[in-house]
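# Examination of the molecular architecture
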Amino acid sequence: MAQPPAFISYVRENKDIVDRLAAALRALGVKVWLDRNDIMTGQWWKDAINEAIQKGAFFIACFSKELNERQETYMHGELRVAIDRLRNMPKNIVWFIPVLINEPLAKL
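Bear in mind the structure is a predicted one, so any value in this text is a computation, not a measurement.

### A few points about the packing of aromatic side chains
The geometry of two aromatic rings is summed up by the distance between their centres and the angle between their planes. According to the stated counting rule, one finds five aromatic pairs in the structure shown. Arranged with centres 5.1 Å apart and planes meeting at 15 degrees, the rings of Phe7 and Trp33 form a pair that is stacked. Placement of Phe7 in strand E1 (residues 6–9) and of Trp33 in strand E2 (residues 32–33) is noted, with a sequence separation of 26 residues between them. The residues Phe7 and Trp33 share a single accessibility class, namely buried. A ring pair is formed by Phe59 and Trp95, whose centres lie 5.7 Å apart and whose planes are at 35 degrees; its orientation type is tilted. Here Phe59 is found in strand E3 (residues 58–63), whereas its partner Trp95 is found in the loop between helix H5 (74–87) and strand E4 (96–100), with 36 residues between them in sequence. Judged by its relative accessible area of 2%, Trp95 falls in the buried class. Connected via pairs of aromatic rings, a cluster forms that spans Phe7, Trp33, Phe59, Trp95 and Phe96.

### Regarding H5
Taking 1.5 Å per residue, 14 residues should reach 20 Å; H5 reaches 20 Å between its end C-alpha atoms and fits that length. Those residues of H5 that sit buried are Met75, Glu78, Leu79, Val81, Ala82 and Arg85. Considered in projection along H5, the buried side chains sweep an arc of 165 degrees and stay on one side of the axis. For H5, the exposed residues lying more than 90 degrees away from the buried face are Arg80 and Arg87.

### Here's the deal with the packing of helix H3 (residues 45–55) against H5
Across the interface, H3 lies against H5 with an axial gap of 10 Å and an inter-helix angle of 40 degrees. Judged on the interaxial angle alone, H5 and H3 are oblique. Considering how the two elements wind past one another, H3 and H5 form a crossing that is right-handed. Seen from H3, the contacting residues are Trp45, Ile49, Asn50, Ile53, Gln54 and Lys55; seen from H5, they are Tyr74, Glu78, Val81, Ala82 and Arg85. Across the contact of H3 with H5, the residue classes break down as six nonpolar, two polar and three charged.

### Some points on the sheet that holds E4
A sheet is described by the order of its strands in space; here four strands give the open sequence E2-E1-E3-E4, paired in parallel fashion. The strands lining the two open edges of the sheet, one partner per strand, are E2 and E4. Its contacts with the sheet place H5 against E1, E3 and E4, and it is angled at close to 140 degrees to E3.

### Quick notes on the pairing of E1
The side chains of a regular strand alternate between both faces of the sheet. Going residue by residue along E1, you find Ala6 and Ile8 tucked away on one face and Phe7 and Ser9 tucked away on the opposite face as well. Pairing of E1 with E2, which is carried by two bridges, proceeds in the parallel orientation. When the bridges of E2 are listed, Ala6 appears paired with Val32. Examined bridge by bridge, E1 and E3 share four bridges and lie parallel to one another. Of the residues in E3, the one forming a bridge with Ser9 is Ala61.

Calculation rules
- Residues numbered from 1 in each chain as written.
- Predicted model: local features only at pLDDT ≥ 70, side-chain atom pairs only at ≥ 80, totals over all residues.
- Heavy atoms only, no water.
- Phe/Tyr/Trp six-rings, centres within 6.5 Å; stacked < 30°, edge-to-face > 60°.
- Helix = DSSP H or I, 4+ residues; strand = E, 2+ residues; numbered from the N terminus.
- Buried < 20%, exposed > 50% of the residue type's maximum accessible area, 1.4 Å probe, protein only.
- Expected span 1.5 Å × (residues − 1).
- Arc of directions from axis to C-beta.
- Axes fitted to C-alpha atoms, helices over the stretch in contact; angles between N-to-C directions.
- Parallel < 35°, antiparallel > 145°, perpendicular 65-115°, else oblique.
- Left-handed = near helix turned anticlockwise from the far one by under 90°.
- Contact = heavy atoms within 4.5 Å.
- Nonpolar A, V, L, I, M, F, W, Y, C, P; charged D, E, K, R; others polar.
- Pairing = 2+ DSSP bridges.

Quick look at the structure:
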């Protein structure tokens, strides 16, 4: 059976960085799932995202200053779905992978 893809969660402002991350993972043989590439025409996007998170080999959460600056984003919902799945996993399973793609907070 083929390995399911890794789900990458991000905000649109980080699209270019996420594209480079996805390319690097693919070069290592990791299949990735990105919303803009993997939601089929006519498919309800919320269902597609929830299914991809539930079936994903990994959940890669791309944290950034752009995420921190936004009050609302679809990524927050994706994180909630991922955390719900993570709560039901054994503690020794590595599934949720946080990635810091730039400085998330303004320097004080």
